[in-house]
Amino acid sequence: MEQVFTISGTTMTVHLPAELDHHNSEQIRKEADQLIRTKNIRRVLFDFSRTVFMDSSGIGMIIGRYKTMRFMGGMVAAVCVSEQMRRILTLSGIYKVIDIYEGIPQQMHLC
Amino acid sequence: MQQNQMKLEFDSRSCNEGFARVAVAAFMTQLNPTLEEVADVKTAVSEAVTNAIIHAYEGKVRTIVISCRIEGEELYVEVQDFGRGIPDVALAMQPLYTTKAECDRAGMGFAFMEAFMDHVEVTSVPGEGTQVRMTKRISHDREE
């Protein structure tokens with residue numbers, strides 16, 4: 001199985017699966033929270049490069065991590081977002097609180 | 001006029017969410033949909049099935065039934081459960097309304113169904129179950 005989480009310093013990249021639904025979101029949620037708590041994470045990057053499907057469960061999972069990170073003074077961003085995924089992110093209104101990038105911004109390094 | 005139908009019965013396990021939306025997507029291919037139309041229907045089905053698993057059955061393994069019908073250019077999808085039901089459907093359908101915020105639910109399930117389908121109708125009887133009926137016109141009058 002491909003690696004879902006990679007950590008570099010205080011940045012954690014979550015390599016999202018091809019399909020981000022309730023089933024997958026639950027597993028990512030549990031593991032992500034555990035890592036955020038124990039590894040002093042300050043920045044969470046959701047990497048959408050593999051993702052072709054997402055529903056509101058995925059949105060809920062991202063909003064949940066956003067709330068956690070905001071509470072801790074950290075930040076969350078979505079990178080490598082395709083046109084189709086952007087539709088879902090836009091419809092959900094989540095783009096108002098987290099930054100969404102088509103590629104990977106220079107100042108962010110995916111680990 | 002083109003007509004077809006199918007019915008699917010499966011356990012309310014979260015691993016079946018992917019199966020359910022892919023099955024409906026496969027059924028609708030005979031309408032020659034665009035990739036975007038297929039994605040829309042998959043998302044709507046995923047929302048309805050997830051609702052049944054999380055809210056109707058609250059994690060218990062019971063049965064979910066999906067019935068699909070094609071009439072001409074119209075796709076009908078019905079997702080039915082026999083779970084706890086929704087006491088106030090209008091309230092449940094409001095965007096951002098959720099009874100399970102602690103589980104990271106966004107409260108957008110019905111909003112997504114309404115955004116991606118042409119028509120969504122929900123009937124529910126507390127203690128008996130919920131039926132979500134959705135339709136979407138897959139138009140052939142587009143330029144290829």
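First things first, this report covers the structure right here in the doc. (Residues numbered from 1 in each chain as written. Chains lettered and ligands numbered in written order. Predicted model: local features only at pLDDT ≥ 70, side-chain atom pairs only at ≥ 80, totals over all residues. Heavy atoms only, no water.)

For chain A, the helix and strand inventory stands at 3 helices and 7 strands. Helices (α) and strands (β) of chain A occur, in sequence order from the N terminus, as β-β-β-α-β-β-α-β-α-β. Relative to its length of 111 residues, chain A is compact, with a C-alpha radius of gyration of 13 Å against a globular reference of 13 Å. Considering only C-alpha atoms, chain A reaches an extent of 30 × 30 × 30 Å along its principal axes. The buried share among the 111 residues of chain A stands at 51%. Contacts in chain A between residues far apart in sequence, at least 24 positions, make up 72% of those at least 6 positions apart. Counting every atom, chain A has about 5,400 Å² of accessible surface; 50% of that belongs to carbon and sulfur. Between the averaged position of the 13 positive side-chain charges in chain A and that of its 11 negative side-chain charges there is a distance of 9 Å. (Helix = DSSP H or I, 4+ residues; strand = E, 2+ residues; numbered from the N terminus. Rg over C-alpha atoms; globule rule 2.2 N^0.38 Å. Buried < 20%, exposed > 50% of the residue type's maximum accessible area, 1.4 Å probe, protein only. Contact = heavy atoms within 4.5 Å. Areas by Shrake-Rupley, 256 points an atom, 1.4 Å probe, with all protein chains shown as cover. Lys, Arg positive; Asp, Glu negative; His and termini not counted. Charge placed at Lys NZ, Arg CZ, Asp CG, Glu CD.)

For the rest of this paragraph, the subject is the overall build of chain B. The secondary structure content of chain B amounts to 4 helices and 5 strands. Starting at the N terminus and walking to the C terminus, you meet the elements of chain B as β-α-α-β-β-α-α-β-β. At 15 Å, chain B has a C-alpha radius of gyration in line with the 15 Å of a compact globule built from 144 residues. Split into buried and exposed, the 144 residues of chain B put 53% on the buried side. Excluding contacts between residues fewer than 6 apart, the proportion of contacts in chain B whose partners are at least 24 apart in sequence is 65%. With an accessible surface of roughly 7,000 Å², chain B has 49% of that area assigned to carbon and sulfur atoms. Taking the average location of the 14 positive side-chain charges in chain B and that of its 23 negative ones, the two points are 7 Å from each other.

Taken as a whole and assessed by the stated rule, the structure comprises 17 salt bridges over all chains. Residue arginine 21 of chain B is joined to glutamate 19 of chain A by a salt bridge in which the shortest nitrogen-to-oxygen separation is 2.6 Å. In this pair, arginine 21 of chain B is assigned in helix 1 (residues 16–28) and glutamate 19 of chain A in strand 3 (residues 19–20), connecting two distinct chains. Here arginine 21 of chain B ties to aspartate 21 of chain A by a salt bridge, and the two come within 3.0 Å at their closest N and O atoms. With arginine 21 of chain B in helix 1 and aspartate 21 of chain A in the loop between strand 3 and helix 1 (22–38), this pair bridges two chains. Residue class for arginine 21 of chain B comes out buried when judged on its relative accessible area of 1%. A relative accessible area of 3% places aspartate 21 of chain A in the buried class. (Salt bridge = Lys/Arg side-chain N within 4 Å of Asp/Glu carboxyl O.)

Bringing the interface of chain A and chain B into the picture now. On the chain B side, the residues contacting the 21 residues of chain A number 25 residues. The junction of chain A with chain B conceals about 1,800 Å² of combined surface from both sides, 53% of it contributed by carbon and sulfur atoms. For the chain A face of the interface with chain B, the top three residues by lost area are His22, Ser56 and Arg87 of chain A, together amounting to 29%. In this assembly, chain A and chain B are joined by 6 salt bridges. Where chain A touches chain B, the interface holds 11 residue pairs in polar contact (both at pLDDT 80 or more). At the level of elements, helix 1, strand 5 (53–54), helix 2 (56–71) and helix 3 (83–92) of chain A are the ones that each hand at least two residues to the side of chain A that touches chain B. (Buried area = accessible area lost by both parts, 1.4 Å probe. Polar contact = N/O pair within 3.5 Å; in protein donor to acceptor, adjacent residues only side chain to side chain.)

Scanning the entire structure with this criterion turns up 0 disulfides over all chains. Cysteine cysteine 103 of chain B is unpaired, with the sulfur of cysteine 15 of chain B as its nearest cysteine sulfur at 18 Å. (Disulfide = S-S within 2.5 Å.)

Glancing now at the packing of helix 1 of chain A against helix 2 of chain A. All names here are of chain A. The N-to-C vectors of helix 1 and helix 2 enclose an angle of 15 degrees; their axes lie 9 Å apart at closest approach. Put simply, helix 1 runs roughly parallel to helix 2. Where helix 1 crosses over helix 2, the two elements pack in a sense that is right-handed. The residues of helix 2 that touch helix 1, namely those facing His22, Ser25, Ile28, Arg29, Ala32, Asp33 and Ile36, are Ser57, Gly58, Met61, Arg65, Thr68 and Met69. (Axes fitted to C-alpha atoms, helices over the stretch in contact; angles between N-to-C directions. Parallel < 35°, antiparallel > 145°, perpendicular 65-115°, else oblique. Left-handed = near helix turned anticlockwise from the far one by under 90°.)

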